[in-house]
Amino acid sequence: MSKHKNPYPGENNTGHFWDDDNDVRELNNRPPRWYMWALYMGAISVVIYSFYYPTIPWFGEHSKGSAGWTQIVEMKESVQQLEDYRQDRFADTEKAIAEKSLEEIVLDDELRNYSIKTAKVLFGDNCAACHGAGGQGNDGFPVLADDDWLYGGTLSQISATITHGKRGNMPAKGMLGNLSDPEIEKLADFVMGLSQGKSDPATKALYMKGMCMACHGPNGKPPAPTAANLTDGIWRFKADDQRASVVRTIKHGVNKPGDPLTQDAVMPAFGKSGVINAVQLKKLVVYVHQLGGGAKVIPPTPAKFKPVVASGSSFDAVMSAAEANYKKAIDAKIAWRDTGAMIKEAKKLHKAGKGDAATALAKKANTQAVNSLAQAAVADFAGPRF
Ligand code: HEC
Ligand code: HEC
């Protein structure tokens with residue numbers, strides 16, 4: 001800043017000089033017109049925006065604005081857009097899942113993969129809180145990512161569990177409630193032994209007295225998926241002190257009303273809950289099925305490869321089956337040439353009165369035709385074999 005007298009008094013400067021030659025000076029001119037217009041427009045838009053959007057704080061609330069805009073509404077609209085896009089893009093796949101059976105979905109690579117991908121989020125939203133993010137289980141909640149099932153690992157069993165829910169019910173102190181504390185202690189040792197492959201005949205009587213076999217089977221292995229398997233060492237109610245947990249289960253039962261020490265085991269019913277729809281439920285079944293130990297799904301044999309079964313062992317019965325299977329094999333373009341020759345030869349033998357040899361040859365021809373059909377079904381390949 002210069003301390004000199006203002007060398008440009010008529011210039012409308014502010015008296016600020018930024019260099020010794022007084023070349024750089026601060027003037028006091030009006031800003032350019034375009035600039036002022038921009039400023040006024042800016043001020044006007046502030047007023048308009050503050051009416052349009054939520055702005056002014058007001059007694060713990062705020063003005064709502066005429067547009068009804070909130071971030072939540074905007075987020076919901078974006079989600080809806082995404083849903084609409086998905087609905088559009090994957091409408092056919094969604095429809096196929098709605099219409100097809102669970103088996104068909106699992107056997108179809110595209111539908112299976114799509115179901116698994118989309119069910120991951122559903123599982124996270126609805127199931128992971130109890131079963132863990134990858135179905136690895138939590139304290140008090142069963143692992144879904146293994147092949148140890150309480151209620152069965154077929155598609156229909158998993159579907160039933162998720163649709164209707166499950167409440168493990170086990171009475172306290174045995175079926176009749178007549179086991180004493182010392183008996184329960186002994187029984188707990190017996191149960192612990194079962195999981196190590198031992199079965200103590202002396203305490204087996206208590207297992208009988210408690211009528212445990214009604215649900216857990218005669219040897220601790222339930223005949224149907226109704227109760228925990230006591231022989232596999234996989235504990236439904238896992239605890240640091242496993243024996244104490246077993247005592248507690250026997251003494252207080254499972255889901256026994258009014259008993260604070262009972263083991264809780266309630267799987268909610270999702271079928272009619274409205275939380276997930278039918279298609280989402282199917283996707284979840286497919287997802288849970290592939291997590292770990294879903295029972296293998298065997299593809300059905302297509303009708304054209306299904307062999308005709310001989311309705312008896314007489315020459316006529318065997319021959320008619322052989323001819324029917326051979327014809328199917330021809331239609332499927334998978335017939336073996338010498339099957340036809342064998343059929344002809346067997347008929348000749350039959351005419352010549354050589355009954356046994358004729359029937360034997362007809363059987364051989366039938367077996368060969370059935371084999372070719374089986375091969376075609378497995379490979380699902382129908383190339384000509386003539
Ligand atoms: C009415 C059927 C029923 C009867 C009777 C029954 N249980 Fe159970 N038990 C169950 C069910 C169901 C479960 C699994 C609980 C669940 O996961 O829902 C279970 C679980 C258990 C468990 C826990 C296993 C684990 O993996 O943590 C033990 C131990 C057990 N039962 C022992 C017995 C004994 C011993 C008896 C006989 C005194 C008995 N149960 C009688 C149905 C029964
Ligand atoms: C509130 C907790 C909870 C939620 C949420 C929950 N489950 Fe369960 N689930 C359980 C319990 C507890 C059991 C065991 C029931 C029993 O022991 O009788 C179970 C059992 C199951 C089983 C049977 C396992 C077996 O071994 O047979 C399947 C399958 C299953 N749940 C799937 C799901 C799916 C899929 C979801 C989400 C849609 C889900 N669960 C949500 C608590 C829950």
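Residues numbered from 1 in each chain as written. Chains lettered and ligands numbered in written order. Predicted model: local features only at pLDDT ≥ 70, side-chain atom pairs only at ≥ 80, totals over all residues. Heavy atoms only, no water.

Remarks on the domain arrangement of the chain
One frequently used descriptor of interface size is the decrease in accessible area upon assembly of the parts. Stated precisely, the cut-off is as follows: Domain start and stop positions are those given by an automatic or database domain assignment.
Segmentation of the chain into domains returns domain 1 (33–62), domain 2 (89–165 + 266–300), domain 3 (169–264) and domain 4 (303–379). Inter-centroid distance (C-alpha atoms) of domain 3 to domain 4 is 56 Å.

Some words on the coordination of the iron atom of ligand 1
In plain terms, the rule: Because water is not among the atoms used, a metal site may look incomplete, as its donors are only the N, O and S atoms within 2.8 Å, or 3.2 Å for Na, K and Ca. Working rule for geometry: tetrahedral if four donors all subtend angles between 85 and 135 degrees; square planar for four, octahedral for six, if opposite donors exceed 155 degrees and the others stay between 65 and 115; irregular in every other situation. By definition, any uninterrupted DSSP run of H or I lasting at least four residues is a helix, any uninterrupted run of E lasting at least two residues is a strand, and each is numbered from the N terminus. Type-normalised accessible area, obtained with a 1.4 Å probe on protein chains alone, sets the label of each residue: buried when under 20%, exposed when over 50%, and partly exposed for intermediate values.
Of the protein atoms, only Met170 (SD) and His216 (NE2) coordinate the iron atom of ligand 1, at distances of 2.0 to 2.1 Å. What the six donor atoms of the iron atom of ligand 1 show is an angle range of 87 to 179 degrees at the metal, which sorts the shape as octahedral. Taken together, the positions of methionine 170 in the loop between strand S5 (166–167) and helix H8 (181–194) and histidine 216 in helix H10 (residues 213–216) put the pair 46 residues apart, joining distant regions of the chain. Note on methionine 170: relative accessible area 22%, which makes it partly exposed.

Remarks on the nonpolar core
Note on soluble globular proteins: their nonpolar side chains tend to be buried together. Stated precisely, the cut-off is as follows: Only buried residues count toward a nonpolar core. Its members are Ala, Val, Leu, Ile, Met, Phe, Trp, Tyr and Cys residues joined through side-chain atoms within 4.5 Å. Residue contacts follow a heavy-atom distance rule, with two residues in contact if any of their heavy atoms lie within 4.5 Å.
Within the largest apolar cluster, 28 residues are counted, with the highest numbers of intra-cluster contacts made by Phe123, Ile162, Leu284 and Val285. Per element, the largest residue contribution to this core is seven residues, and it comes from helix H12 (residues 278–291). Apart from the residues lying within four places of it in its own chain, the contact partners of leucine 284 are Ala119, Leu122, Phe123, Cys127, Ile162 and Ile276. In this structure, Phe315, Ala329, Ala335 and Ala365 belong to the second largest nonpolar core, which totals 20 residues.

Some details on helix H9 (residues 201–209)
Threshold: By arc we mean the arc of the directions from the helix axis to the C-beta atoms, nothing more.
Along H9, the residues classified as buried are Thr203, Leu206 and Tyr207. Buried residues along H9 cover an arc of 105 degrees about the axis, so they all sit on one side. For H9, the secondary structure elements touched by its buried residues are H8 and H10. Looking one or two residues past H9, methionine 211 carries a phi angle of roughly 55 degrees, positive in sign.

Side note on the coordination of the iron atom of ligand 2
Within the first shell, the iron atom of ligand 2 binds the protein through His131 (NE2) and Met267 (SD), at distances of 2.0 Å. If you look at the iron atom of ligand 2, its six donor atoms make angles of 87 to 179 degrees with each other, and the shape they trace is octahedral. Of the two residues, histidine 131 is situated in helix H6 (residues 128–131) and methionine 267 in strand S6 (residues 266–267); the sequence distance between them amounts to 136 residues. A single burial state applies to histidine 131 and to methionine 267, both of which are buried.

Notes on the packing of helix H13 (residues 315–331) against helix H14 (residues 337–351)
For clarity, the threshold we go by: Each axis is a line fitted through C-alpha atoms, and for a helix only the stretch in contact is used; angles between axes span 0 to 180 degrees, taken between their N-to-C directions. Relative orientations are named as follows: roughly parallel for angles under 35 degrees, roughly antiparallel for angles over 145 degrees, roughly perpendicular for angles from 65 to 115 degrees, and oblique for any other angle. Take the far helix as your reference; a near helix turned counterclockwise from it by less than a right angle gives a left-handed crossing, and one turned clockwise gives a right-handed crossing.
Closest axis-to-axis distance for the H13/H14 pair is 11 Å, and the angle between their directions is 155 degrees. By the angle class used here, H13 and H14 are roughly antiparallel. Seen from above, H13 lies across H14 with left-handed handedness. From H13, Phe315, Met319, Ala322, Glu323 and Tyr326 reach across to H14, where they touch Arg337, Thr339, Gly340, Ile343, Ala346, Lys347 and His350.

Some words on the site of ligand 1
For clarity, the cut-off: Note on definitions. A residue lies near a molecule or strand when any single heavy atom of the residue is within 4 Å of it. Any pair of N or O atoms that falls within 3.5 Å is considered a polar contact. Within protein, one atom must be able to donate a hydrogen and the other to accept it, and sequence-neighbouring residues count only if both atoms are side-chain atoms. Each residue is assigned to one of three groups, with Ala, Val, Leu, Ile, Met, Phe, Trp, Tyr, Cys and Pro labelled nonpolar, Asp, Glu, Lys and Arg labelled charged, and all others, Gly among them, labelled polar.
In the vicinity of ligand 1 there are 29 residues, among which Met170, Cys212, Cys215, His216 and Arg236 approach most closely. Taking tyrosine 151, its side chain carries an N or O atom lying 3.3 Å from an oxygen atom of ligand 1. Taking histidine 216, its side chain carries an N or O atom lying 2.8 Å from a nitrogen atom of ligand 1. At the level of elements, H8, H10 and helix H11 (242–252) are the ones that each hand at least two residues to the shell around ligand 1. At three residues, H11 tops the list of elements feeding residues into the shell around ligand 1. Classifying every residue of the shell around ligand 1 by side-chain character gives 21 nonpolar, seven polar and one charged.

Quick notes on unusual backbone geometry
Of note in this structure, asparagine 12 is not a glycine but carries a positive phi near 65 degrees. Following the sequence through the fold, asparagine 12 ends up in the segment before strand S1 (13–17). Of note in the backbone geometry, methionine 211 takes a positive phi value of approximately 55 degrees without being a glycine. Taking relative accessible area as the criterion, methionine 211 reaches 34% and is therefore assigned partly exposed.

Some details on the packing of aromatic side chains
Within a pair of aromatic rings, the relevant descriptors are the distance that separates the centres and the angle that separates the planes. Our working definition: When two rings of Phe, Tyr or Trp (its six-membered ring) have centres within 6.5 Å they constitute a pair, described as stacked for plane angles under 30 degrees, edge-to-face for angles over 60, and tilted for the intermediate range.
In total, this model carries nine aromatic pairs according to the counting rule given. With 5.2 Å between their ring centres and 45 degrees between their planes, phenylalanine 123 and tyrosine 287 make a pair best called tilted. Taken together, the residues phenylalanine 123 in helix H5 (residues 109–126) and tyrosine 287 in helix H12 connect sequence positions 164 residues apart. Accessibility assignment for this pair places phenylalanine 123 and tyrosine 287 in one class, buried. Between phenylalanine 190 and tyrosine 207 the ring centres are 5.5 Å apart and the planes differ by 50 degrees, which places this aromatic pair in the tilted class. Pair noted here: phenylalanine 190 is in helix H8 and tyrosine 207 is in helix H9, with a separation of 17 residues, a long-range link. Judged by relative accessible area, which is 1%, tyrosine 207 ranks as buried.

A look at the site of ligand 2
Taken together, 22 residues lie around ligand 2, and Cys127, Cys130, His131, Tyr151 and Met267 are the ones closest in. Histidine 131 has a polar side-chain atom sitting 2.8 Å from a nitrogen atom of ligand 2. For the shell around ligand 2, the elements supplying multiple residues, two or more each, are H6, helix H7 (155–164), S6 and H12. Partitioned by chemical class, the residues of the shell around ligand 2 number 16 nonpolar, four polar and two charged.

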